[in-house]
Amino acid sequence: MTITAFLVNSFCANNTGGNPAGVVLNADKLTNTEKLTIAKEIGFSETAFVAQDHEVDFAVSFYTTTEEVDFCGHATLAVFATLFEQGLLNPGYYTQRTKAGLLGVTIAADGQITMEQALPKYLGNIAYDDLAGLLGLDETTLAKTGLPIDVITTGLPDIIVAVPNGDLDKITIDEEALSEFCQKHNVIGVHAFELCEEQSELTASCRNFAPLVGIPEESATGSASGALACYLSKHGFVHQENHFKFEQGRAMGCSSHISASVYSDEQGVYKVLVGGYANHLGTQDIVIPIGNNT
């Protein structure tokens, strides 16, 4: 059986950079094992599989090269950019079923994709000295920010950690130790950031590390960007009425831009949006054996 996957760069900055994802349409009959085989063959951090759904527009599942995950922001962007480019969807609002819940996606006429994320859950804190060594930094460096290290999920749980300006690119992770730490704390990875100057159009520069699920570093992470926007809102950082713009991937030579918005009232956060643009790289045909078990 030959499967054609679309290869897409998500969260591009001026048609450059971005984070590649695979997209497989009409994936209704693929088994879990076949999906994982395809994801491994493509080799990107995530591949999304799009199937029919009887209640909403699509059911979408997400696979890294090692396992299925509940949600992936940049792969969601890749899915809807592909459906739009292929003429299968018009500009408008759609709903996808994911393991993180039913999430809305809006396609603008210019091709910008904006996705709803799950409402934030604040899952606790990590001590500076517990995390610093895993990032190749010392405790006093992290403490200089005066900001806590929070575990937040808007689809996938991440450790959100601020570092002082100038220290983001100095991070060097211990993949094995960080994987063990993330497994122990039931999180996907670490999303580190440094705040940008006030006059910059960017709110923060970021790096994301998730070796536990086969991603040593990622150049654009949609789910963690939603969590970071919630973190900044929680801790009093107001940027353009809680509209944020993040850069990620600079240290990888693949800078990406991600927009994020957080809407809240006296009851708390009621909507989290993450968006950006995508570039299509081409397609890849994958031959897989017929009849793999789930």
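See the structure printed just above.
Computed from a prediction, not measured in an experiment: that's the story for all the values here. (Residues numbered from 1 in each chain as written. Predicted model: local features only at pLDDT ≥ 70, side-chain atom pairs only at ≥ 80, totals over all residues. Heavy atoms only, no water.)

Caption draft 1: Spotlight on the overall build of the protein. Secondary structure assignment for the protein yields 6 helices and 18 strands. Compactness check: the protein gives a C-alpha radius of gyration of 18 Å against a globular reference of 19 Å for 294 residues, within 12% of the reference. Along the first, second and third principal axes, the C-alpha atoms of the protein reach 55 × 40 × 35 Å. Across the 294 residues in the protein, those meeting the buried criterion constitute 54%. Residue pairs in contact within the protein that sit at least 24 positions apart in sequence constitute 64% of those at least 6 positions apart. Carbon together with sulfur atoms contributes 46% to the accessible area of the protein, which is approximately 12,600 Å² in total. Averaging the coordinates of the 14 positive side-chain charges in the protein and doing the same for the 36 negative ones gives two points 3 Å apart. (Helix = DSSP H or I, 4+ residues; strand = E, 2+ residues; numbered from the N terminus. Rg over C-alpha atoms; globule rule 2.2 N^0.38 Å. Buried < 20%, exposed > 50% of the residue type's maximum accessible area, 1.4 Å probe, protein only. Contact = heavy atoms within 4.5 Å. Areas by Shrake-Rupley, 256 points an atom, 1.4 Å probe, with all protein chains shown as cover. Lys, Arg positive; Asp, Glu negative; His and termini not counted. Charge placed at Lys NZ, Arg CZ, Asp CG, Glu CD.)

Caption draft 2: Here's a closer look at the packing of aromatic side chains. Summed over the entire model, instances satisfying the criterion amount to 6 aromatic pairs. With a centroid separation of 6.0 Å and 80° between ring planes, the pair formed by F58 and F80 is classed as edge-to-face. Residue F58 is located in strand β4 (residues 58–63), and its partner F80 is located in helix α2 (residues 73–85); the two are separated by 22 residues in the primary sequence. The same class applies to F58 as to F80, namely buried. Both rings, one in F62 and one in F71, keep their centres 5.8 Å apart while their planes meet at 70°; by these two values the pair is edge-to-face. The pair formed by F62 and F71 is uniform in burial state, with each residue classed as buried. (Phe/Tyr/Trp six-rings, centres within 6.5 Å; stacked < 30°, edge-to-face > 60°.)

Fair warning: the whole summary comes from geometry, so function is off the table for now.
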